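# Results of the structural survey
Single-letter residue listing:
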Amino acid sequence: MSKIILITGASSGFGKAIAEKFAACGWNLILTARRKDKLEAVATAIEQKYKVKTLALIFDVQNKEAVFQQIGGLPSEWQAIDLLVNNAGLALGRDSFENANIEDWETMIDTNVKGLLYTSKATLPYLIKNQGHIINIGSTAGKEVYKDGNVYCATKHAVDAISKAQRIDLLQYKIKVTAIHPGAVDTDFSLIRFKGDATKAAAVYAGYEPLKAEDIAETAWYVANVPKHVCINDIVMTCVAQGNSFTIHKDA
Ligand code: NDP
Ligand code: 8X3
């Protein structure tokens, strides 16, 4: 029987690449995001290409009621979830503490922290039944704070802490918990962070070869396929030009 993966934030970037990778290997996919057109296009293309089943769910992970309604109400054939990937997230702004926008802080906290908690809690009954696996997408920003990263870094530190806490508390259910912490990856992430400023976004990835979303998908595939008795707890991955969250060597 095909395995089932639930991926939040599957309309672009890592989530879309993870969906492609697992579908290519025969898994059925529950894909979630807010942008209906984009998510349904991803789902349709994958179904046609890989002949697997997909279920596209449109909701905002910040909306507690929607998360519990959509995930809690999954059709029975979609309930045997093997793997939850908590990937939906974003940065908004990169400003010094005194200048940063409070609404941006709230959106990052509500999405990256509270959204991950809601999704994990709503999926847990299925994961407990199925001895499933949770992969949380953190960041190098969750390992070291960098200048002007304040609340984004704080949300990813929270993802790091929540991953450790889930791993301990869910031991009794034999649920594996893995956190993947990537450095810079060239996706829409910076375009969204800089609110559509393409020049600023492109500058983040200029002068070196950043990671690609497919690199994260390969890592997710690896950690999901180690032997049953093995749990990969924590992975920090960067491109070779990056040494930590605030050090990238750029060619002149
Ligand atoms: P993208 O912007 O390409 O993808 C983000 C995804 O999250 C989209 O599918 C988006 O879908 C979804 N999303 C955002 N907000 C919400 C929300 N409120 N409710 C539901 N879905 C939401 O960026 P990435 O793929 O790069 O980012 C994915 C994750 O990886 C994020 O958690 C990010 O913090 C993290 N990360 C990114 C790095 C990078 O350098 N790119 C490095 C390290 C970690 P939609 O807009 O349709 O809702
Ligand atoms: C995204 C990577 O370096 O912009 O988490 O924080 S970074």
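Structure shown above.
An account of the accompanying structure is given in this report. Here the residue index of a chain counts from 1 through its sequence in written order. Chains and ligands are labelled sequentially in the order written, the chains with letters from A and the ligands with numbers from 1. Per-residue local features are limited, in this predicted model, to residues with pLDDT of at least 70; the limit for side-chain atom pairs, both in listing and counting, is 80 or more; totals at the level of whole chains, interfaces and linings are taken over all residues. Hydrogens and water molecules were not included; the side-chain quantities draw on all heavy atoms of the structure.

### Describing the site of ligand 2
Around ligand 2, a shell composed of Ser139, Ala141, Tyr146, Tyr152, Phe189 and Arg193 is seen. For the purposes of these results, a polar contact is taken to be a pair of N or O atoms within 3.5 Å, where, inside protein, one atom must be able to donate a hydrogen and its partner to accept one; residues adjacent in sequence count only when each atom of the pair is a side-chain atom. Between an oxygen atom of ligand 2 and a side-chain N or O atom of Tyr152, the distance comes to 2.6 Å. One nitrogen or oxygen atom from the side chain of Arg193 is found 3.5 Å from an oxygen atom belonging to ligand 2. Summarising the interface, the protein chains cover 85% of the accessible area of ligand 2, which totals 240 Å² for the free molecule. Three residue categories are used. Nonpolar comprises Ala, Val, Leu, Ile, Met, Phe, Trp, Tyr, Cys and Pro, charged comprises Asp, Glu, Lys and Arg, and polar comprises the others, including Gly. Grouping the constituent residues of the shell around ligand 2 by class yields four nonpolar, one polar and one charged. Put simply, a residue is near a molecule or strand once any heavy atom of it comes within 4 Å of that molecule or strand. In this description, accessible areas are obtained by the Shrake-Rupley approach with a 1.4 Å probe, and a residue is regarded as covered only by the protein chains that are shown.

### Focus on the packing of aromatic side chains
A pair of Phe, Tyr and Trp rings is counted when the ring centres sit within 6.5 Å of each other, with Trp represented by its six-membered ring. The angle between the planes then sorts it: under 30 degrees is stacked, over 60 is edge-to-face, the rest tilted. Summed over the entire model, instances satisfying the criterion amount to five aromatic pairs. When the ring of Phe22 is compared with that of Trp221, the centres are 4.9 Å apart and the planes differ by 75 degrees; the resulting orientation is edge-to-face. Of the two residues, Phe22 sits in helix α1 (residues 13-24) while Trp221 sits in helix α8 (residues 213-224), which places them 199 residues apart along the sequence. Note on accessibility: Phe22 and Trp221 belong to one class, buried. In this structure an aromatic cluster arises from ring pairing among Phe22, Trp27 and Trp221. Under the scheme used here, helices are H or I runs from DSSP no shorter than 4 residues and strands are E runs no shorter than 2 residues, and both carry numbers assigned from the N terminus. Remark: exposure states derive from per-residue accessible area (1.4 Å probe, protein chains only) relative to the maximum for the residue type, with buried under 20%, exposed over 50%, and partly exposed in between.

### Digging into the packing of helix α4 (residues 102-130) against helix α5 (residues 150-169)
At a closest axis distance of 8 Å, the pairing of α4 and α5 adopts a crossing angle of 15 degrees. Considering the angle they form, α4 stands roughly parallel to α5. Handedness of the α4/α5 crossing: right-handed. Residues Trp105, Met108, Ile109, Asn112, Val113, Leu116, Leu117 and Ser120 of α4 form the contact with α5, whose participating residues are Asn150, Val151, Tyr152, Thr155, Lys156, Ala158, Val159, Ile162 and Gln166. Tallied by class, residues from the contact of α4 with α5 come to 11 nonpolar, five polar and one charged. For helices, the fitted axis covers only the stretch in contact; all axes are lines through C-alpha atoms, and the angles between them, taken along N-to-C directions, range from 0 to 180 degrees. An angle below 35 degrees is treated as roughly parallel, one above 145 as roughly antiparallel, one from 65 to 115 as roughly perpendicular, and anything else as oblique. In this scheme the crossing of two helices becomes right-handed for a clockwise turn of the near helix relative to the far one and left-handed for an anticlockwise turn of less than a right angle. Contacts are residue-level and defined by heavy atoms, with any inter-residue pair within 4.5 Å sufficient.

### Points about the pattern of salt bridges
A pairing counts as a salt bridge when a side-chain nitrogen of Lys or Arg comes within 4 Å of a carboxyl oxygen of Asp or Glu. A full pass over the atoms with the stated rule returns nine salt bridges. We note a salt bridge from Lys114 to Asp110, for which the minimum N-O separation is 3.4 Å. Of the two residues, Lys114 and Asp110 are both situated in helix α4; the distance of four residues between them amounts to about one turn of the helix. Two residues, Lys143 and Asp234, come together in a salt bridge whose shortest N-O distance is 2.7 Å. Here Lys143 is found in the loop between β5 (133-137) and α5, whereas its partner Asp234 is found in strand β7 (residues 234-237), with 91 residues between them in sequence. A residue is classified by how much of its surface remains accessible, and Asp234, at 34% relative accessible area, is partly exposed. Within this structure, Lys143, Asp160, Lys164 and Asp234 form a network of salt bridges that share partners.

### Notes on the site of ligand 1
Around ligand 1, the surrounding shell holds 30 residues, and the nearest of these are Ser11, Arg34, Asp60, Tyr152 and Thr187. The contact in question runs from an oxygen atom of ligand 1 to an N or O atom on the side chain of Arg34, over 2.7 Å. Taking 880 Å² as the accessible area of ligand 1 by itself, protein coverage stands at 97%. Of the residues contributing to the shell around ligand 1, the split by class is 13 nonpolar, 12 polar and five charged.

### Focus: the side chain of Arg193
Along the chain, Arg193 turns up in helix α6 (residues 189-193). Salt bridges are absent for the buried Arg193, whose nearest opposite-charge side chain, Asp95, sits at 8.0 Å. Of the polar contacts made by the side chain of Arg193, one reaches the side chain of Tyr146; its length is 2.9 Å. Setting aside anything within four residues of it in sequence, one finds Arg193 in contact with Ala91, Leu92, Gly93, Arg94, Tyr146, Gly149 and Tyr152. Charged residues are defined here as Lys and Arg on the positive side and Asp and Glu on the negative side; His and the ends of the chain fall outside this count.

### Quick word on the nonpolar core
In globular proteins that are soluble, nonpolar side chains generally tend to be buried together. Side-chain atoms within 4.5 Å are what join buried Ala, Val, Leu, Ile, Met, Phe, Trp, Tyr and Cys residues into a set we call a nonpolar core. Grouped together as the largest cluster of nonpolar side chains are 41 residues, with contacts concentrated most on Ile5, Ile18, Phe22 and Leu31. At the level of elements, β1 (4-8), α1, β2 (28-33), α2 (36-50), β4 (83-86), β5, α8 and β7 are the ones that each hand at least two residues to this core. In terms of residues, this core owes the most to one element, α8, which gives seven residues. Setting aside anything within four residues of it in sequence, one finds Leu31 in contact with Ile7, Ala10, Ala19, Leu39, Val42, Ala43, Leu55, Ala56 and Leu57.

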